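# A closer look at the structure
If you want the building blocks of each chain, they are given just below.
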Amino acid sequence: MAAADNPVPDLGGRARACADRLRVADRVLLASHIDADGLTSAAVASSALARAGIDHEVVFEKQLDAESIAGIAAREFEVVLFTDFGSGQLDVIADHESRGDFVPVVADHHQPADPDTEFHLNPLLEGIDGASELSGAGASYVLARALEGSDGDNRDLAGLAVVGAVGDMQDGGGGLVGANEAIVADGVAAGVLEERTDLDLYGRQTRPLPKLLEYASDVRIPGISNDEAGAIGFLRDLDVDVKRDGEWRRWVDLDGEERRTLVSALMQRAVASGVPADRIETLVGTSYTLLDEEPGTELRDVSEFSTLLNATARYERADVGLVVCLGDRDAALAEARRLLRNHRRNLSEGLQWVKTEGVTHEEHLQWFDAGSRIRETIVGIVAGMAAGSPAVDRSKPVIAFAEKGDTELKVSSRGTERLVRQGLDLSAVMREASRSVGGDGGGHDVAAGATIPVGERDAFLATADELVGDQLS
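Residues numbered from 1 in each chain as written. Predicted model: local features only at pLDDT ≥ 70, side-chain atom pairs only at ≥ 80, totals over all residues. Heavy atoms only, no water.

With an unreviewed UniProt entry as reference, the protein chain is termed RecJ-like exonuclease, source organism Halorubrum aquaticum.

## Observations concerning the overall build of the protein chain
Each helix and strand in the protein chain was counted, giving 18 helices and 15 strands. Relative to a compact globule of 473 residues, whose C-alpha radius of gyration would be 23 Å, the protein chain shows 22 Å and is just as compact. Considering only C-alpha atoms, the protein chain reaches an extent of 70 × 55 × 40 Å along its principal axes. Across the 473 residues in the protein chain, those meeting the buried criterion constitute 55%. For the protein chain, the share of sequence-separated contacts (at least 6 apart) that also reach a separation of at least 24 residues comes to 66%. Here the protein chain displays about 19400 Å² of accessible surface, and carbon together with sulfur accounts for 45% of that area. (Helix = DSSP H or I, 4+ residues; strand = E, 2+ residues; numbered from the N terminus. Rg over C-alpha atoms; globule rule 2.2 N^0.38 Å. Buried < 20%, exposed > 50% of the residue type's maximum accessible area, 1.4 Å probe, protein only. Contact = heavy atoms within 4.5 Å. Areas by Shrake-Rupley, 256 points an atom, 1.4 Å probe, with all protein chains shown as cover.)

## Description of the packing of helix α12 (residues 302-313) against helix α14 (residues 331-357)
Between α12 and α14, the least distance of the axes is 8 Å, while the angle of their chain directions is 85 degrees. By the criterion of interaxial angle, the relationship of α12 to α14 is roughly perpendicular. Between α12 and α14, the residues in contact are Thr307, Leu308, Asn310, Ala311 and Thr312 and Leu333, Ala336, Arg337, Leu339, Leu340 and His343, respectively. Residues of the contact of α12 with α14, tallied by class, amount to six nonpolar, four polar and one charged. (Axes fitted to C-alpha atoms, helices over the stretch in contact; angles between N-to-C directions. Parallel < 35°, antiparallel > 145°, perpendicular 65-115°, else oblique. Nonpolar A, V, L, I, M, F, W, Y, C, P; charged D, E, K, R; others polar.)

## Thoughts on the UniProt feature "domain: DHH-CID" (unreviewed entry) in the protein chain
Feature annotation in UniProt places "domain: DHH-CID" (unreviewed entry) on residues 201-284, given in this structure's numbering. A distance of 8 Å separates the end C-alpha atoms of residues 201-284, which is 44% helix and 6% strand. (UniProt positions renumbered as here; feature names shortened; annotations may be inferred.)

## Remarks on helix α6 (residues 158-167)
Counting buried residues along α6, nine of its ten residues qualify, which places the element largely inside the surrounding structure. In the segment just after α6, Met169 is the residue with positive phi, at about 60 degrees.

## Considering the layout of surface pockets
By volume, the second largest pocket amounts to about 270 Å³. As for the second largest pocket, its lining consists of 15 residues, and the residues nearest its centre are Asp156, Leu160, Asp292, Glu293 and Cys325. Elements represented by at least two residues in the lining of the second largest pocket include exactly α2 (36-51), α6 and α13 (318-325). Grouping the constituent residues of the lining of the second largest pocket by class yields eight nonpolar, two polar and five charged. Counting only domains with at least three residues in the lining of the second largest pocket, you end up with domain 1 (9-192) and domain 2 (198-347). (1 Å grid on protein atoms, 1.4 Å probe; cavity = no way out; pocket = protein on both sides within 12 Å on 5 of 7 lines; lining within 4 Å. Points joined across faces, edges and corners; volume = space filled by probe spheres on them. Domains from an automatic or database assignment.)

## What about the side chain of Gln170?
Turning to its location among the elements, Gln170 is positioned in the loop between α6 and α7 (179-189). Only 2.8 Å separates the side chain of Gln170 from the side chain of Asn180, close enough to count as a polar contact. Each residue touching Gln170, except ones within four places of it in the same chain, is listed here: His109, Gly130, Ala131, Ser132, Glu133, Leu134, Ser135, Ala165, Gly175, Leu176 and Asn180. (Polar contact = N/O pair within 3.5 Å; in protein donor to acceptor, adjacent residues only side chain to side chain.)

## Here's the deal with the pairing of strand β14 (residues 440-443)
For a regular strand, side-chain orientation follows a simple rule: the groups alternate between the two sheet faces. Two elements, β14 and strand β15 (residues 447-453), share four bridges in a ladder whose sense is antiparallel. Looking at the pairing, Gly441 lines up with Ala450 of β15. The hairpin formed by β14 and β15 contains three residues between the paired strands. (Pairing = 2+ DSSP bridges.)

## Details of the sheet that holds β15
As summarised here, the arrangement of the six strands in space is β10-β11-β12-β13-β15-β14, forming an open sheet in which the pairing is mixed. Each end of this open sheet is capped by a strand with a single partner; those strands are β10 (360-361) and β14. Here helix α17 (residues 426-435) sits on the sheet in contact with β12 (398-404), β13 (408-414), β14 and β15, set at roughly 175 degrees to β14. Sitting on the sheet, helix α18 (residues 457-472) is in contact with β11 (366-369), β12, β13 and β15, with an inclination near 160 degrees to β12.

## Concerning the nonpolar core
Leu22, Leu81, Leu143, Val162 and Phe305 are the most contacted members of the largest nonpolar core, which totals 67 residues. Domain assignment of the residues forming this core places at least three in each of domain 1 (9-192) and domain 2 (198-347). Counting residues in hydrophobic clusters, the runner-up holds 25 residues, among them Leu199, Leu212, Trp251 and Ala270. (Core = buried A, V, L, I, M, F, W, Y, C linked by side-chain atoms within 4.5 Å.)

## Thoughts on the pattern of salt bridges
One pass over the full model with this rule turns up 30 salt bridges. Between Arg249 and Glu258 there is a salt bridge, with its nearest N and O atoms 3.0 Å apart. Its relative accessible area of 5% is what places Arg249 among the buried residues. For Arg337, the salt bridge is made with Glu298, and the minimal N-O distance between the two is 2.9 Å. (Salt bridge = Lys/Arg side-chain N within 4 Å of Asp/Glu carboxyl O.)

## Quick notes on the domain arrangement of the protein chain
How large an interface is tends to be reported as the accessible area lost when its parts come together. By domain assignment, the protein chain separates into domain 1 (9-192), domain 2 (198-347) and domain 3 (358-472). Just the C-alpha atoms count here: the centres of domain 1 and domain 3 sit 26 Å apart. The interface is formed by ten residues belonging to domain 1 together with eleven residues belonging to domain 3. Buried surface at the junction of domain 1 and domain 3, summed over both partners, amounts to about 850 Å²; 46% is from carbon and sulfur atoms. On the domain 1 side of the interface with domain 3, the three residues burying the most area are Lys62, Gln63 and Gln111, jointly 46% of the side's total. For the pair domain 1 and domain 3, the number of links is two salt bridges. We note a salt bridge from Asp91 to Arg435, for which the minimum N-O separation is 3.7 Å. Viewed at the interface, domain 3 and domain 1 are joined by four residue pairs in polar contact (both at pLDDT 80 or more). Of the residues assigned to the side of domain 1 that touches domain 3, the class counts are two nonpolar, five polar and three charged. (Buried area = accessible area lost by both parts, 1.4 Å probe.)

## Here's the deal with the environment of Glu357
For Glu357, the location among the structural elements is in helix α14. According to the relative accessible area criterion, Glu357 is exposed, its value standing at 52%. Sequence separation between Glu357 and Ala370 is 13 residues; the distance between their C-alpha atoms is 9.5 Å.

What follows is the structure, encoded as structure tokens:
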């Protein structure tokens, strides 16, 4: 691939160096993270490796720590490709590299730890924001483009990279930006992706219209949001045929004129209900549609696709999500849909628990400890949902705890873009506070996680509260 062809030219040199090392490897172990971004990172990288004729296996890790890295080393692969993690664990990885256990190749977007390594593809190393401009799947995609042969074309993988970016919540306020925009352009050019201005509510492909409106949580419209009868009443008053053959239609079923009528009425209701203008504007945003997928399915819309993948990965079935990403539309997709129904039920119950039990306020942060009531693999998602609900104070970050086995606690933290602009960096908070009590952590400025020993919650909170206070002062 010519340098000019690289969708992110600033990363071209790093991508080529990583690709060249992978090409001469006997066998590669591809290790990736278990969330939507990690699964799509693995699928993009695995597809590119396969097309380049590079023998490889794929493993997933819930968390990359000293123990899991030792397990990876014990697999005795010459080269290990880390996607969607690895940068923040380079201190541990470097020990194995220096002993000759394996050669690491890292395609990640999280905050790097010292020391660096030779084959390291990370937007942050070139001044590109890894929290908002390029995801793990995006880094994998840049590598995939560098792995193309002279007549190869991996641009069809751009759709999966966009699923990863949206799954990593990088599409806030007006769609994907920065390096992500170049990947979107590749997907559009390759004919696999459509970008358009659309109603910005989750479930455009699959939810019946009343549910689409009732469950819309980002913009609360009194008498419609969280109000089934209100949503139905609003729809029945429209000059739109909202049912066909007795069944509620979905957004995807409406034509352009019907969509404009619905959006206009929704905005008028929001204005009349006193919803602030800046919130009303967010009702319309950028949608990304995967054109090769069947209309009306979870796979057609990148937001719904990313949720489906989270539902597999968070329940120890990353293998199912990977196979769906690689094209299985039969048994794996059916199992993914079953896991999704279970995931939605657990999220709903988890959020209800937080609303009922409430949060505890410290000076600079707020927290809840779910114990074993919320699964540790989804407590971060619940924390994010709580952060967008009236259950919490939006002027403070939210920290959530859940049991992780008998000896450890999983910690997840979520902030807001406004807090980040004021100086919040949860990646630093999680890393420093967890290490002060014998744990470890990291992530992004707006969302990060950690694992700590089970008896250290209060000491961790005291340190975290102080760190957040320092950042926001």
